[in-house]
Every structure is written in C-alpha cells, then in structure tokens.
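# Fold and contact review
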Amino acid sequence: MMTEPLVLGIETSCDETGVGVVRGHTLLADALASSVDEHARFGGVVPEVASRAHLEAIVPTMQRALDDAGVTLADIDAIAVTAGPGLAGALLVGVAAAKGYALAAEKPIYGVNHLAAHVAVDTLEHGPLPEPAIALLVSGGHSSLLLVDDLAAGVTPLGATIDDAAGEAFDKVARLLGLPFPGGPPIDRAAREGDGASIVFPRGLTAPKDLARHRFDFSFSGLKTAVARWVEARQRAGEPVPVAHVAASFQEAVCDVLTAKAIDACRERGVQTLVIGGGVAANSRLRALAEQRCAKHGITVRVPRPKLCTDNGAMVAALGSHLVAAGVAPSRLDLPADSAMPLTTVSV
Ligand code: KG4
Ligand code: ZN
C-alpha cells in the first residue's frame, strides 16, 4: 500500500505568508510570517506592502516549514499553492515560488482555490469530511454558504454576501469603535465584557420579503451603518460609547444570521454536517452559538482550531493532499494566478 502523500502548501493570497506540510490528514508543519503590523496604520491591507513582504518572507518561511516537518524538498510528493482568489501581486509571489520549487525538485504542482482550502483544513483536525456537507466560509474577503458534494471536484455555491464580507464588517466596526486592525480579535475580546442583547442591531436579509430571493445570502453593510449611527448619536449627545456592549451586540447580530442561515441550508438540503472556515470562524461567539444551535437540530458542526481558521499554508497543503489522494491531475507548470478565481474551481 502506498504511504499517504507528503504535500507542501504555499499561501500568499493576502497578508500572511504561509507554508505548511502535511502527510495525508496529519499536520507536520505550519510556518507563518505575517505583514499585518505593516498594514495596521492604514486600517486595511495595502497590496504593494503585502507583495513586498511575501517576497522577503517566502524563502525563510519555506525553510522553516521543511525544518519543522523534519523533511527536505526531495521528500515532498507534491506542492500545492493558492492560485486565487486574492490580491494579484501577492498571489504571484507564492505561485512563482511554487513553480520554482516544483521545477527545481521535479515535483507535481497543484494551483488551488483559497476558499476550498479554508474548507479542507478542517480535515487536519477532524479527519475526512463527510460528504455532502454544508460549508460556511467567513473571511475578510468572502462570506458564502456552499454545498460540498465532492471537495476534489467542486463545490456548489448556495449563497454569498451581497455587500460586505463578515470579516470586513468586523474590521469596519472595530475602526469606528477605535479598536485596532484587523478588527475581529479585538471585537471578540471586547464583547466578552459586554451584553450581546443590550442593543438590537438589524439582521440583514432575514425579513420574509428578503428570504424569498436571498434565503442563503448575507448582507452586513446595513448592520455596519446601524452601528455607526448608534455610536454617532451617543457621541452627539456627549455620552460615552459603551464599547463592550456595542461590540457584543454587533457580534451577536453577525453570529445570529450566520448560524441561522447555515442551519437553514443544512435542513433544506438534508445535510448532517456543517463545517465553518475562514478567519471569522475563529470568533468565540460564532463557535459557541453554532455548537448550541446545531446540537438542537442534530447537526454535527466542525470548526478547526482558531489558528487554522485564519490564513495559513497548512490549509493549502491539506487541500493538495486531498486532491492527490483523489487522483486529481496536477496543474500545468504555466498555471496563472487568478485574483478572481471562482468558488466553483477547486484546482486549475
Ligand atoms: O481568512 P482570513 O485570515 O483572511 C482572508 O482570507 O480574508 O480572514 C481575516 C478576517 C479579518 O477580517 C479578521 O478581522 C477576521 O478574519 N477575524 C475575526 C476573528 N479573527 C479574525 N473575526 C471575528 N472574530 C475573530 N476572533
Ligand atoms: Zn482566507
């Protein structure tokens, strides 16, 4: 019997340079270099700064991953790399590096979808994903509900955000509360001291008239505006802004909608497994509420540990390993980086 494939994964779609190594579903190394501090003063990721940081970090991060895994490039069976979606210049660094290593070491290369990798990473923690599953993908750039029939072949989008991504809403609300970028972690922390029921913020696309057309879609821009109006009214009245209560109430509105729609999708499709991925899946309230509500409906919820939810190389390696095991053909060595890679494309 062939041993499980040893796969290296490279991630450079946004501000994290990640290189992971997995054998089958076993995580061997997850090396990460982040340029997040360089973007903080701009309140968002600056593409040129991110690309430059990837260029500087890619070789040392690669070396660290191989060292941590106790393997050499010659031992690797395949190299997987995020080919999209993401920032064009940032993706190019990872794709070019992966091609260089693949060519030098004569290894097959897999150009993969970043979002599918956010789903696949859960296999490193909970083993093979039962299919079909419903995936709730919530990150800084994306919020989607997907039906996962066969992760190696493709996923079926059921719904997505019609305006801001969930993570983007966290980042924008943090900014107006004077909390640092990225906003998810500080809101999560501040919310622990607040009451999520203290202010009732709107739940986007949940009214009966919206459900007809947007049952599995999300909208967070109205929520963000409602929080801004609420904070402004306080400031105009010369009253202090109760940051913890606002953070908790905003977070409650987001998590309420995300979990309600994800469970509705599971029930409508008769699916027993919900997997949650992407940076926002690190949110403590989202994790707790998903557990609680899924238990009520007999749905098994799978959420990887927070470090695997945010961008990393291990998730790319996990998807690569899944593709190798499924017998999917590698990509051509001239594979392009595609900043707008559609969700339905798992590998190119
Ligand atoms: O998946 P990710 O690392 O990068 C993208 O592919 O976008 O997601 C980053 C997003 C950011 O918007 C960040 O604020 C959010 O994930 N995030 C969180 C938490 N940790 C990270 N949002 C809510 N709660 C958290 N604990
Ligand atoms: Zn991501």
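None of the values given here were measured: they were computed from a predicted structure.

Rules used in this analysis
Residues numbered from 1 in each chain as written. Chains lettered and ligands numbered in written order. Predicted model: local features only at pLDDT ≥ 70, side-chain atom pairs only at ≥ 80, totals over all residues. Heavy atoms only, no water. Donors = N, O, S within 2.8 Å, 3.2 Å for Na, K, Ca; no water. Helix = DSSP H or I, 4+ residues; strand = E, 2+ residues; numbered from the N terminus. Buried < 20%, exposed > 50% of the residue type's maximum accessible area, 1.4 Å probe, protein only. Near = heavy atom within 4 Å. Polar contact = N/O pair within 3.5 Å; in protein donor to acceptor, adjacent residues only side chain to side chain. Areas by Shrake-Rupley, 256 points an atom, 1.4 Å probe, with all protein chains shown as cover. 1 Å grid on protein atoms, 1.4 Å probe; cavity = no way out; pocket = protein on both sides within 12 Å on 5 of 7 lines; lining within 4 Å. Sits in = over half its atoms within 2 Å of the grid points. Nonpolar A, V, L, I, M, F, W, Y, C, P; charged D, E, K, R; others polar. Salt bridge = Lys/Arg side-chain N within 4 Å of Asp/Glu carboxyl O.

Attention shifts here to the coordination of the zinc ion (ligand 2). Coordination of the zinc ion (ligand 2) by the protein comes from His114 (NE2), His118 (NE2) and Asp311 (OD), over a distance range of 2.0 to 2.1 Å. Within one chain, the residues donating to the zinc ion (ligand 2) are spaced in sequence as H-x3-H-x192-D. Within this pair, His114 and its partner His118 are both found in helix H4 (residues 114–120), separated by four residues, close to a single helical turn. Of the two residues, His114 and His118, both sit in the buried class.

Around ligand 1, 20 residues are found, and the nearest of them are Gly140, Asp171, Gly184, Asp188 and Gly279. Separating an oxygen atom of ligand 1 from a side-chain N or O atom of His114 is a distance of 3.2 Å. One of the side-chain N or O atoms of Asp188 is found 3.0 Å from a nitrogen atom in ligand 1. In isolation ligand 1 has 560 Å² of accessible area, and contact with the protein removes 89% of it. Taken atom by atom, the bulk of ligand 1 overlaps the largest pocket. Looking at the shell around ligand 1, the elements that each hand over two or more residues are H4, helix H6 (166–176) and helix H7 (184–191). Of the residues belonging to the shell around ligand 1, the class tally is five nonpolar, twelve polar and three charged.

As a further point, take the pattern of salt bridges. According to the stated counting rule, one finds 16 salt bridges in the structure shown. Here Lys172 ties to Glu168 by a salt bridge, and the two come within 3.2 Å at their closest N and O atoms. Taken as a pair, Lys172 and Glu168 lie in helix H6 at a separation of four residues, close to a single helical turn. We note a salt bridge from Glu268 to Arg269, for which the minimum N-O separation is 3.2 Å. Given the relative accessible area of 41%, Arg269 is considered partly exposed. Within the structure, one salt-bridge network assembled from shared partners comprises Asp164, Glu168, Lys172 and Lys224.

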